[in-house]
Amino acid sequence: MTNLELIAHAKNAAENAYSPYSGFKVGAALLDADGNLFCGCNVENSSYSATICAERCAFVKAVSEGKREFARIAIVGGREGDYSKPCIPCGVCLQVMSELCDDDFRVLLCDGDNVVEYDLCDLIPIPFRG
Ligand code: THU
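Calculation notes
- Residues numbered from 1 in each chain as written.
- Predicted model: local features only at pLDDT ≥ 70, side-chain atom pairs only at ≥ 80, totals over all residues.
- Heavy atoms only, no water.
- Pairing = 2+ DSSP bridges.
- Helix = DSSP H or I, 4+ residues; strand = E, 2+ residues; numbered from the N terminus.
- Right-handed = clockwise from strand over helix to strand, strands pointing away.
- Patch = residues over 30% accessible without salt bridge, like charges linked within 9 Å, V, L, I, M, F, W, Y side chains within 5 Å.
- Areas by Shrake-Rupley, 256 points an atom, 1.4 Å probe, with all protein chains shown as cover.
- Salt bridge = Lys/Arg side-chain N within 4 Å of Asp/Glu carboxyl O.
- Lys, Arg positive; Asp, Glu negative; His and termini not counted.
- Charge placed at Lys NZ, Arg CZ, Asp CG, Glu CD.
- Buried < 20%, exposed > 50% of the residue type's maximum accessible area, 1.4 Å probe, protein only.
- Near = heavy atom within 4 Å.
- Polar contact = N/O pair within 3.5 Å; in protein donor to acceptor, adjacent residues only side chain to side chain.
- Nonpolar A, V, L, I, M, F, W, Y, C, P; charged D, E, K, R; others polar.

Considerations on the pairing of strand β4 (residues 106-111)
Thought 1: As paired elements, strand β3 (residues 70-78) and β4 share four bridges and run parallel to each other. Each bridged residue has a counterpart across the sheet, and for I73 the counterpart in β4 is V107.
Thought 2: With helix α3 (residues 91-100) bridging β3 and the parallel β4, this β-α-β connection has right-handed handedness.
Thought 3: In terms of strand pairing, β4 meets strand β5 (residues 114-119) through six bridges, oriented antiparallel. Pairing of L108 across the sheet is with E117, part of β5.

Some thoughts on a negative patch on the surface
Thought 1: A contiguous patch of negative charge on the surface is contributed by D34, E69, D102, D103, D104 and D122.
Thought 2: Looking at where D104 falls in the secondary structure, it is placed in the loop between α3 and β4.
Thought 3: Residue D104 is classed as exposed on the basis of its relative accessible area, which comes to 52%.

Here we look at the pattern of salt bridges
Between side chains of opposite charge, a pair can form as their charged atoms come close.
Thought 1: Enumeration according to the criterion identifies three salt bridges in this entry.
Thought 2: The salt bridge involving K25 is made with E15; its shortest N-O contact spans 3.5 Å. With K25 in strand β1 (residues 25-32) and E15 in the loop between α1 (3-14) and β1, this pair connects stretches of sequence that are ten residues apart.
Thought 3: Its relative accessible area of 42% is what places E15 among the partly exposed residues.
Thought 4: In this structure, the salt-bridge partner of R106 is D119, at a minimum N-O distance of 2.7 Å. On the criterion of sequence distance, the pair formed by R106 in strand β4 and D119 in strand β5 is long-range, its members being 13 residues apart.
Thought 5: By relative accessible area, which is 23% here, D119 ends up partly exposed.

Focus: the site of the ligand
Thought 1: If you check the shell around the ligand, you find S22, F24, V26, N42, E44, T51, C53, A54, E55, P89 and C90 and nothing else.
Thought 2: In this structure, an oxygen atom belonging to the ligand sits 2.9 Å away from a side-chain N or O atom of N42.
Thought 3: A distance of 2.7 Å is found between an oxygen atom of the ligand and a side-chain nitrogen or oxygen belonging to E55.
Thought 4: In isolation the ligand exposes 370 Å². Once the protein is present, 78% of that is buried.
Thought 5: Looking at side-chain class alone, the shell around the ligand contains six nonpolar, three polar and two charged residues.

Structural data, given as structure tokens:
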């Protein structure tokens with residue numbers, strides 16, 4: 001799957017966001033090492049702290065299906081269908097990714113019509129390891 005196709009899946013997933021409190025929709029499209037696709041969206045809660053981010057939604061779906069090897073994730077976020085600005089994953093999601101992915105796991109974001117790519121280790125260089 002191309003990076004642009006993966007971004008398109010993330011945009012579709014964002015349309016399922018349940019975000020009545022922030023009005024901010026996030027979508028994530030995760031590819032595992034075998035090319036299986038897992039999509040997620042943010043699911044907010046009136047307690048705020050119980051909110052689940054799109055990225056963790058996608059990872060929990062994949063891990064709960066027995067997947068453990070991951071290749072790439074595309075993430076989009078925005079208001080009113082505008083996903084053109086890069087949506088940097090939050091620290092909690094980066095920590096979860098660092099638990100489950102290698103340093104060279106690729107994180108793809110939208111920047112206008114372009115796709116910008118990062119290695120996970122550049123976004124979270126020193127994760128908590130306990
Ligand atoms: N959000 C995500 O889904 N992923 C992130 O990495 C950062 C934030 C969601 C949580 C909340 O529903 C909304 O974006 C605004 O913070």
